[in-house]
Amino acid sequence: MDLLDTLTDKGLRRELPTREEALAVLATTDDDLLDVVAAAGRVRRQWFGRRVKLNYLVNLKSGLCPEDCSYCSQRLGSKAEILKYTWLKPDQAAEAAAAGVAGGAKRVCLVASGRGPTDRDIDRVADTIAAIKGADEQVEVCACLGLLSDNQAERLKAAGADAYNHNLNTSESTYGDITTTHTYADRVDTVTKAHGAGLSACSGLIAGMGESDEDLVDVVFALRELDPDSVPVNFLIPFEGTPLAEEWNLTPQRCLRILAMVRFVCPDIEVRIAGGREVHLRSMQPLGLHIANSIFLGDYLTSEGQAGQADLDMIKDAGFEVEGAEQTTLPRHRAAATGGGCGSVCGGESAEAGCGSGSGCGGHEEPTACGPCGGHAPEQAPDDAAPAVSAAAEASQVSQVSQVSDDEARTDLVRVRRRGAGTELAPNA
Ligand code: SF4
C-alpha cells in the first residue's frame, strides 16, 4: 500500500506526514488493519525497539473537582460513584508508588483533581516526591496537577519532578464543547510552562468523545507542534453519571488506527496507551503494543485496569520486554534535547541500536489520568484527613450500565476503582 510505505519511510526519517496522510490512516479498512499495524510497528521498533515502558498512577486527591470536563468522573456534578478523598500524605503516596515500582513501573504519575495547584499544594507534592525518591532515586516522577501558575513548574522541577503532564485532549475547535471552565489555550500555556522549566512535557488526547477524524488529526498535529516527550492516548471510558456516558463510539480496530496515526505523526515520541485500553482494545491489546511503547500498569485514577500481572504476561507473550530503570526511553537525539534527564538515551540513534530514555505521563483526564486538573476543588475534607475506604466498599463495586449496542458497548468492563491509593485495600500492581 503506497500510503503505508510513504508513512513508514517518513516515520523512519522523523518526517511529518501530511494531514491528508494522517486522515487516510483513520480511513483504512479492516482488510488493511494488520498492514497498518505492521507499518506503524516498523517505526516503533526503529525508535523504541521492543521495550514497553510501564507507568503507575497514584491519585493524590480524588473527585470533588470544580471543573466541568465532560469526560471526567471527578467533574463538577459527577454522579459517578467514585472514591472521593483529599490529599494523600507523602508517606501514603510513597507507599502506593512503591507498589507500582515493585510491579515493574519506572515512572510514577502523581495526579490530583482540581483546576490547578495552590502554592501549598506544590509543597505537598514536593514532600511526596522527596518521599518517593528517598526510597528509590531512580524512579521517574511525573506530576499532573492541572493548570500551573507562574513559577510552579520551576518549583516542581527543583523538588525533583522529572516530568509534567497536561493533556490537550481534543482539537481547539471542539474544546469548548467538552469543557467550559477553562480553555484550550490554558492547557497549551501549562504545557509550555512545563517545557520552559525544563520538565519533560507529557501531553496527549482522549479519543471517543464524538469527535471527527479531522479533530483527531488536529489535536495530534497540535501535540507534535508542542513537542512533548510523551503522548498518552486515552480512549474514553463513558462513565455512568457523566455527560458522555452514552458515547460508546470506539472499536478495537478504530483504536488501533488512532494509535497508528499518532505513531506516524509522532514517530520518535513516547506513545502511551492510556485509559480505556482494556475497555476498548480488549483482546486486541497486544497489537497495540506493536504501535505504542508505553502503557499504565494496573489501575487508573478512578477505574480498574486489568491485573498488573496480566499486563506483564501480555507484554511477554507478545514478544516485548519491560523497560528497565537503567534503560532510557527516548532515542538519542531527543534525549540530548531534554538534557539527558528523564527520557534520554545512551545508545545509538535508534532505540534498537542502543537504549532509549523516556518520560511522559498521562495527564489529568479520567480515562487515565486527569484532565486540567490540579486545582481548586472546594476542599471538603481537612487537609490531613486520611482517606480510607472500608473493605465492605469493595463488595459494592460498581459496574457501569449504559449498554448502547450489544456488539460494541462493553459496559461490563468498566469498574470503579475501590482499591489502592485512598483505600485500605492493596493496590493492583
Ligand atoms: S479532568 Fe481534571 S480538571 Fe477536569 S474535571 Fe477531571 S479532575 Fe477536574
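Throughout this description, residue numbers start from 1 for each chain and increase along the sequence as written. Predicted model: local features are reported for residues with pLDDT of at least 70 only, side-chain atom pairs are reported and counted for 80 or more only, and whole-chain, interface and lining totals are derived from all residues.

S.K.: Would you mind going over the overall build of the chain with me for this structure?
M.R.: Summing up its helical and strand segments, the chain has 15 helices and 10 strands in all. Exposure is read from a count of other C-beta atoms within 10 Å of each residue's own; the residue is exposed at 12 or fewer, buried at 20 or more and partly exposed in between. C-beta atoms are placed from the backbone. Taking all 429 residues of the chain together, the buried fraction comes to 58%. Residues are scored as being in contact if the C-beta atoms we place from backbone atoms lie within 7 Å. Counting only contacts in the chain whose residues sit at least 6 apart along the sequence, the fraction spanning at least 24 positions is 78%. Secondary structure elements follow DSSP: runs of H or I of four or more residues count as helices, runs of E of two or more count as strands, with numbering from the N terminus.

S.K.: Sorry, what's going on with the packing of helix α9 (residues 213-226) against helix α10 (residues 252-265) here?
M.R.: Two quantities define a packed helix pair, namely the angle between the helix axes and the distance between the axes. Note on geometry: axes are C-alpha line fits, over the in-contact stretch for helices, and angles between N-to-C directions span 0 to 180 degrees. Relative to each other, α9 and α10 sit at 35°, their axes nearing to 10 Å. Seen along the crossing, α9 lies across α10 with a hand that is right-handed. Only Ile258, Met261, Val262 and Val265 of α10 make contact with α9, whose side of the interface consists of Leu216, Val220, Phe221 and Arg224. Less than a right angle of anticlockwise turn of the near helix away from the far helix marks a crossing as left-handed, whereas a clockwise turn marks it as right-handed.

S.K.: Could you clarify how one ought to interpret the environment of Ala97 in this entry?
M.R.: Mapped onto the fold, Ala97 is located in helix α4 (residues 90-102). Placed 12 residues apart in sequence, Ala97 and Cys109 show a C-alpha to C-alpha distance of 8.6 Å.

S.K.: How do you make sense of the pairing of strand β7 (residues 230-235) when you look at a structure like this?
M.R.: Looking down a regular strand, the side chains alternate between one sheet face and the other. The buried count for β7 comes to 6 of 6 residues, which makes it a mostly enclosed element. Along β7, one buried face is formed by Ser230, Pro232 and Asn234 and the opposite face, lined by Val231, Val233 and Phe235, is buried too. When DSSP finds two or more bridges between two strands, those strands count as paired. Strand direction decides the pairing type here: strand β6 (residues 205-207) and β7, joined by 3 bridges, are parallel. If you follow Leu205 over to β7, its bridge partner there is Val233. Throughout, right-handed denotes a crossover for which the path from the first strand over the helix to the second runs clockwise when the strands point away from the viewer. Running through α9, the crossover from β6 to the neighbouring parallel element β7 is right-handed. Summarising the sheet, β7 and strand β8 (residues 270-273) pair through 4 bridges and their orientation is parallel. Within β8, the position partnered with Val231 by the bridge is Val271. Following the backbone out of β7, through α10 and into the adjacent parallel β8, one traces a crossover that is right-handed.

S.K.: How do you make sense of the packing of helix α1 (residues 2-13) against helix α3 (residues 33-48) when you look at a structure like this?
M.R.: For the pair α1 and α3, interaxial distance at closest approach is 9 Å and the crossing angle is 10°. Accordingly, the angle class assigned to the pair α1 and α3 is roughly parallel. Here Leu4, Leu7, Thr8, Gly11 and Leu12 of α1 lie close against α3, whose contacting residues are Asp35, Val36, Ala39, Arg42, Val43 and Gln46. When an angle is under 35 degrees it counts as roughly parallel; over 145 it counts as roughly antiparallel; between 65 and 115 it counts as roughly perpendicular; any other value is oblique.

S.K.: I would appreciate a short explanation of the nonpolar core in the present structure.
M.R.: It is characteristic of soluble globular proteins that their nonpolar side chains tend to be buried jointly. We call a set of buried Ala, Val, Leu, Ile, Met, Phe, Trp, Tyr and Cys residues a nonpolar core when their C-beta atoms link them within 7 Å. Counting 113 residues, the largest nonpolar core has Tyr56, Val58, Ala97, Val108, Leu110, Tyr164 and Leu259 as its most contacted members. It is α10 that contributes the most residues to this core, 9 residues altogether. The contacts of Ala97, once residues within four sequence positions are left out, are Tyr56, Val58, Val108, Ile132 and Val139.

S.K.: Before we go on, may I ask you to explain unusual backbone geometry in this structure?
M.R.: A negative phi angle characterises most non-glycine residues, just as the trans form characterises most peptide bonds. Here Asn151, not a glycine, exhibits a phi torsion of approximately 75°, which is positive. Within the element layout of this structure, Asn151 appears in the loop between β3 (140-144) and α6 (152-158). Phi at Asn169 takes a positive value of approximately 75°, unusual for a residue other than glycine. Locating Asn169 in the fold gives a position in the loop between β4 (163-165) and α7 (175-178). Residue classification places Asn169 among the buried positions, given that 29 C-beta atoms sit within 10 Å.

S.K.: Looking at this model, I keep getting lost on α10. Mind explaining?
M.R.: For an α-helix the count is 3.6 residues per turn, leaving residues at separations of three or four pointing the same way. One less than the residue count of a helix, multiplied by 1.5 Å, gives the span that helix is expected to have. The end-to-end C-alpha distance of α10 is 20 Å, a good match for the 20 Å that 14 residues give at a rise of 1.5 Å each. Burial analysis of α10 places 11 of its 14 residues in the buried class, the great majority of the element. Every buried residue belonging to α10 is among Cys255, Leu256, Arg257, Ile258, Leu259, Ala260, Met261, Val262, Arg263, Phe264 and Val265, and all of these are buried.

S.K.: Where do I start with the pairing of β8 in this structure?
M.R.: Side chains Glu270 and Arg272 project from β8 onto one buried face, and the interleaved Val271 and Ile273 project onto a second face that is buried too. Where β8 and strand β9 (residues 294-296) come together, 2 bridges link them in parallel fashion. The residue of β9 that forms the bridge with Ile273 is Ile295.

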